[in-house]
Structures are given as structure tokens and as C-alpha cells.
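Structural features, examined
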Amino acid sequence: MVEVSILPQVRDFMNRLNGQFINGKTVVSQQDEVITITNPATDEVIAHVATATSGDIDYAVDSAHRAFHGGWANVSPAQRGLLLNRLADLMIAHREELAQIETLTSGKLITLSRAFEVDYAVSFLRYYAGWTTRIEGKTVALSLPSANGEKYTGLTLREPLGVVAGIVPWNFSIMIAVWKFGSALACGCTAVIKPSEVTPLTMLRVAELVIEAGIPPGVLNVVNGPGQQVGHALTTHPKIAKVTFTGGMETGAIIGTAALQSGFKRVTLELGGKNAAGFLPDVSPEKTVEGIIEAGFLNSGQVCASAERYYVHRSLINNVAEQLGKRLATLTPGDPMDDESRFGPLANRSHFNKVIGYFTRARDQNLTFIHGGGAFDLPGCYIQPTAVLARSENDELMRQEVFGPVASLLAYDSVDELVTLMNDSPYGLAASLWTNNLSQALRLIPRVEAGTVWVNMHNYIDPAMPFGGTKGSGIGREFGSAFIDHFTEIKSVIMRY
Ligand code: NDP
């Protein structure tokens, strides 16, 4: 055991009453309506955060609106990139502090908090920073008729949309927020971020670093409170130009509809998935098991791109199931603040109850549990790593996104059947194919309905690769150059001379 000792600045931050971060300052308008933050590893209350009032929300959006037309509009693209890089430097300088706040709030292993919420988030921020001076329009050759010798020239401008609302889930509260505000700020937009009610703290600290980096007040604001209240008020606020959301499919449908109905706001939706991993018969049972662990158990399965449906050839499935059971037994629960822990709790009690509900129903439906299927007998939200043998593609565990440490295995007989099964889902975020036969993989990739297809790997994202869903997994792409299309509007200019 290598228990991490909590930094004094983390204790101070958790002990004060936080609220919103607006126009460069902490704002706590009300003391009576507070969110109570519980450490999911211990069930202990660790902090309180004041909920945003409707006045706070207006103040945040107005500040972002003023900064869009003032402070941020006057910052050159090169300077924008420099400031985003400065923020990245500060996040690295405060790496341990941010990671500890995140782990205490969400139960994420401290090693993952450092790696994803700081290091990875920073690499996204630097990637976006690199784009600021490369956002370009075009000159266009026109075919307009000329009666008296006049000529025309056409050009397109890429203009920032305005104030962006970023609505963020609880599974990666810094990294996903960086995807939202990093891309917005790089394009010249300003932002108001609404973290999940259960993980409201880390972005408040990041917002303080934003000011320390020299980014003008109002460019990045954070408001906290329940999604249906604060998130909805932001989504429908008349001065919001765009909503970018990551979370569940049902919430995505509500937000997308509300955004369109309140002035045709632009929307990017990343809505998770019921992602499939297909193992061709040339992959050994040992490699299949390691593939399943890689694809499904990172951050206890609370990753939107994680696989939960696993298709294994009928000739191998019993062998794979037996070895998987043994492998999952090695994933013993640990304190997320221990450097050596490899399997942590779920992020909050309501999600824990939801996952247990799936297991109870699966048991009622007589599914075969290969391993797990319940909670560990510990305080906190510890769920056993679980695997089941599904009976058909219609089992609830093959259709609904559980968002937990669960693998459902189903046998297939032919490659055509494999493709049909992998595509049999309303979702289409990500998928993986596992084979030693590259030409087979290359032939299958176009047939798989998913925004990302991995080969012999799963769950890897890179700032340079566009990421987003097909079908019910959402609208739009984050990262790569694709993000520019989603945070700028094209203006066409035609001139006669
Ligand atoms: P939600 O999708 O409901 O919440 C995500 C964010 O949206 C949170 O900030 C939430 O605020 C906010 N929100 C909720 N309702 C509204 C609304 N009407 N208007 C505006 N904002 C809103 O996630 P849940 O936490 O409820 O999880 C539900 C399921 O979604 C999970 O079990 C999982 O299947 C999936 N999920 C997928 C994620 C992904 O990465 N794609 C991430 C998280 C969850 P608040 O939390 O304060 O209510």
C-alpha cells in the first residue's frame, strides 16, 4: 500500500464553501441550497457547493457574452494559443492537487486522475492551443455573370459562434470539460461549463488557474447545480450560441431538443454507447481475455467508449469465459487514494444502485454469471468486476448502457453474423475488432457502424483523431480539425469590383 497523503491546499479547498466561478471570481450567492459531496470510496461527506441561482446563471452568461465581444475578441489567435498553453503549464504545476480533488470526489484511482484528468487533459489543451493560428477561411472562384466587365471575388470567414455552454458528466470531470472549453476558447468563443452535480469541484479549481494563466475574466465560467435546473437554464438561455454535451442518451435528446427549440442553437452531443468488441477465432483465449479487460474495465467501466458487448466465436467462448472468470478475480478493490490500487469504486451512490439493478434483473432472467454480479462487502460504492454469458442479443445487458465494470459475452458462428450482432444496437460510438488477419480487419472496418473502430485495441483516443458517435451515440465530432466546424460559423463574403 502506498497511501497518498492529502495536500493541505486540497483540504483548504474542500473545507471552504464553493459555488460558482464567474467573471474571474468565486461566487456564493446562497448558503441554504447546497450540494453535499460524498466520497464514493468511503461514503463520507467531504465538501459542500452552493447551487447557482438564476441570477448567477444570468451573470455567468452575461460575463461570457461581454468577454466574447470584449476581452477575448481583442486577444490575437497567437496570444490565445499562448494563454491556453500557460493554463496547461499551470495544470501540470498543480497536477497532484487537481488529481486529489478529483479522486476524493469521484472515486477515480489517483493514478487515473493524474493520467487522464491532468496529463491527458493537458495534451488536449495543448492540441487545441496549436490550432488557434490555423483556423482559416478560403478564397473561392466565382461564376457570376459579368455584364459590363465587373469582376467578383468570394471568400469565406470562419467566425467564432459566441458563448458556448459545456454540460459535462461525472466520469471525467476535467478532461471532458477541457474538450468543451479548450475547443471553444481556441476558436475564439467563450464558455460557461456546468459540471455534473456529483463532481462540481475540480472545474472550480481549474477556473481559478484560468485567471492565473492570464485569460481574461468572463472567458471561462463555471456554474453548479442540478442538470434539470441549472443545465436546462443554460441550454435555453438566449445568449448561449451553442451547447456541447457529453452524457446519457436520454439527457442528450432532452438537451438537443431544448437547444433547437430555444433559437436553433448549435449542438454537439456525445452520448455514450453500448460498444461492441468482436474477437475473430484466430485470437487466442488468453489474448481475448486481456482484450476484454482493456476494453471494459478501465475506470470501473465508467468510460463512454468502453465495450460492454463481447462477441466470441462459439468454439472458444467456454474457454474464454473460464479464463475471464479467473482474471476478474484478480481485480481486487482498493482505496482510490492508494497509488497501488488497480480497481476502484463507482463514482456515486445513485449510479451504484443503477448498476446493482441491472445485475438483479439479469439474475431474475437466469443469465449465467461468470464472475461477480454484486457489490463488495465494503463501505463505499464498490461493485464487483462482472461478466455474464448472455443468452441472446435481446438481453437487457446486451442492449442498455450499464456504464460499469461488466462484460456480456455472446457466441457467434460466422463473420457475417458477427457484423450483424455488432451493429444491432441503437448506439454507434466505438467498436473494436480483434484479429491477427489484417486484411480481414480492413474488410470488416467499413461494415462496422461506429464513429471509431479500433483494431486489436480499445479505449484509446488521441487529440488528433476525430471522436464522436454514429446513430444514437450523438451528433458531431470532437478533436482533430473536426472541432473547428462545430465552434465556428462560416460567413460567405462576395465582393464586386
Ligand atoms: P446525464 O446524462 O443525466 O448527465 C450528464 C450531465 O447533464 C450532467 O452535468 C447533468 O447534470 C446534466 N443534465 C442532466 N439533465 C439535464 C437537463 N435536462 N438539461 C441540461 N443538463 C442536464 O448522466 P447521468 O449522471 O444521469 O448518467 C446517466 C447515464 O448516462 C449513465 O448511467 C451512463 O449510462 C450515461 N453516461 C454517459 C456518459 C458518457 O461519457 N457518454 C457520461 C455519464 C453518463 P447533473 O449531474 O447535475 O444532473
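Rules of the game
- Residues numbered from 1 in each chain as written.
- Predicted model: local features only at pLDDT ≥ 70, side-chain atom pairs only at ≥ 80, totals over all residues.
- Heavy atoms only, no water.
- UniProt positions renumbered as here; feature names shortened; annotations may be inferred.
- Helix = DSSP H or I, 4+ residues; strand = E, 2+ residues; numbered from the N terminus.
- Contact = heavy atoms within 4.5 Å.
- Pairing = 2+ DSSP bridges.
- Axes fitted to C-alpha atoms, helices over the stretch in contact; angles between N-to-C directions.
- Near = heavy atom within 4 Å.
- Polar contact = N/O pair within 3.5 Å; in protein donor to acceptor, adjacent residues only side chain to side chain.
- Areas by Shrake-Rupley, 256 points an atom, 1.4 Å probe, with all protein chains shown as cover.
- 1 Å grid on protein atoms, 1.4 Å probe; cavity = no way out; pocket = protein on both sides within 12 Å on 5 of 7 lines; lining within 4 Å.
- Sits in = over half its atoms within 2 Å of the grid points.
- Domains from an automatic or database assignment.
- Salt bridge = Lys/Arg side-chain N within 4 Å of Asp/Glu carboxyl O.
- Expected span 1.5 Å × (residues − 1).
- Buried < 20%, exposed > 50% of the residue type's maximum accessible area, 1.4 Å probe, protein only.
- Points joined across faces, edges and corners; volume = space filled by probe spheres on them.
- Nonpolar A, V, L, I, M, F, W, Y, C, P; charged D, E, K, R; others polar.

An unreviewed UniProt entry annotates the protein as Phenylacetaldehyde dehydrogenase originating from Acetobacter senegalensis. Note on the protein: under the UniProt heading Sequence similarities (unreviewed entry), the record states "Belongs to the aldehyde dehydrogenase family."

Looking at the UniProt feature "active site" (unreviewed entry) in the protein
What UniProt calls "active site" (unreviewed entry) maps, in this numbering, to Glu270. Among the secondary structure elements, Glu270 is positioned in strand β11 (residues 266–270). Those residues in contact with Glu270 that sit more than four places away from it in its chain are Trp179, Phe245, Thr246, Gly247, Cys304, Leu429, Phe467, Ser473 and Glu478.

A word on the environment of Pro40
Among the structural elements, Pro40 can be located in the loop between β3 (34–38) and β4 (45–50). Distance from Pro40 to Lys108, taken between C-alpha atoms, is 9.2 Å for residues 68 residues apart in sequence. When neighbours within four sequence positions are excluded, Pro40 is seen to be in contact with Leu104, Thr105, Ser106, Gly107, Pro345, Leu346, Ala347, Asn348, Gly380 and Cys381.

Brief notes about the sheet that holds strand β17 (residues 430–434)
Strand order in this open sheet of seven strands is β14-β15-β16-β13-β12-β17-β18, and the pairing throughout is mixed. The open sheet has two edge strands with one neighbour each: β14 (368–371) and β18 (452–455). On average, adjacent strands in this sheet sit at an angle of 25° to one another, irrespective of strand direction. Bridge analysis of strand β12 (residues 275–279) against β17 gives four bridges, and the strand direction is parallel. Bridge pairing in β17 places Phe279 opposite Trp434. This element, helix α10 (residues 285–296), spans β12, β13 (307–313), β16 (406–412) and β17 of the sheet and lies at about 165° to β13. Along the sheet face, helix α14 (residues 415–423) touches β12, β13, β16 and β17 and points at about 145° away from the line of β16.

A short note on the sheet that holds strand β5 (residues 139–140)
Spatially, three strands are ordered β5-β6-β20 in an open sheet, and the strand pairing comes out antiparallel. Both outer strands of the open sheet, β5 and β20 (488–496), are each paired with one neighbouring strand and no more. Where strand β6 (residues 152–160) lies against β20, nine bridges are found, and the strand directions are antiparallel. What sits directly across from Leu155, in β20, is Val493.

Points about the UniProt feature "domain: Aldehyde dehydrogenase" (unreviewed entry) in the protein
According to UniProt, the feature "domain: Aldehyde dehydrogenase" (unreviewed entry) maps to residues 29–493 in the numbering used here. Note that residues 29–493 is 38% helix and 20% strand, and that its end C-alpha atoms are spaced 45 Å apart.

Focus: the site of the ligand
If you check the shell around the ligand, you find 31 residues, and the closest are Trp170, Lys194, Gly248, Lys354 and Glu401. Asn171 is positioned such that a nitrogen or oxygen atom in its side chain is 3.4 Å from an oxygen atom of the ligand. Isolated, the ligand exposes 860 Å² of accessible area, and the fraction of that covered by the protein chains is 86%. If you map the ligand onto the pockets, it falls in the largest pocket. Put simply, the parts of the chain that give the shell around the ligand at least two residues each are α8 (227–235), β10 (240–246), α9 (249–261) and α12 (349–364). The greatest single-element share of the shell around the ligand, amounting to five residues, is contributed by α8. Both domains that meet at the shell around the ligand, namely domain 1 (8–271 + 473–494) and domain 2 (275–463), each give it at least three residues.

Notes on the domain arrangement of the protein
Per the domain assignment, the segments making up the protein are domain 1 (8–271 + 473–494) and domain 2 (275–463). The straight-line distance from the C-alpha centre of domain 1 to that of domain 2 is 31 Å. Every contact between the two is made by 33 residues of domain 1 and, on the other side, 33 residues of domain 2. Where domain 1 touches domain 2, the interface holds two salt bridges. Close ionic contact of Asp339 with Arg114 constitutes a salt bridge, the shortest N to O distance being 2.8 Å. If you look at where domain 1 meets domain 2, you find ten residue pairs in polar contact (both at pLDDT 80 or more). When residues of the side of domain 1 that touches domain 2 are traced back to their parent elements, those giving at least two are α4 (95–106) and α5 (110–131). Of the residues forming the side of domain 1 that touches domain 2, the biggest block, nine residues, is contributed by α5.

Remarks on helix α6 (residues 175–186)
The end-to-end C-alpha distance of α6 is 16 Å, a good match for the 16 Å that twelve residues give at a rise of 1.5 Å each. The complete set of buried residues in α6 reads Met175, Ile176, Ala177, Val178, Trp179, Lys180, Phe181, Gly182, Ser183, Ala184, Leu185 and Ala186. Among the residues trailing α6, Gly188 stands out with phi positive, at a value near 100°.

A word on the layout of surface pockets
The space that makes up the largest pocket amounts to roughly 1,200 Å³. Along the wall of the largest pocket there are 40 residues; nearest its centre are Trp170, Phe245, Gly247, Gly248 and Thr251. Elements that contribute at least two residues to the lining of the largest pocket include exactly α8, β10, α9 and α12. Counting residues per element, the lining of the largest pocket draws most heavily on α9, which supplies six residues. Residue composition of the lining of the largest pocket, grouped by class: 17 nonpolar, 16 polar and seven charged. By volume, the second largest pocket amounts to about 310 Å³. Taken together, 16 residues make up the lining of the second largest pocket; nearest its centre are Arg80, Arg158, Glu159, Pro160 and Cys187. When contributions to the lining of the second largest pocket are tallied by element, the ones reaching two or more residues are α3 (77–93) and β6. Looking at the lining of the second largest pocket, the element that brings in the most residues is β6, giving three residues. Residue composition of the lining of the second largest pocket, grouped by class: eight nonpolar, three polar and five charged.

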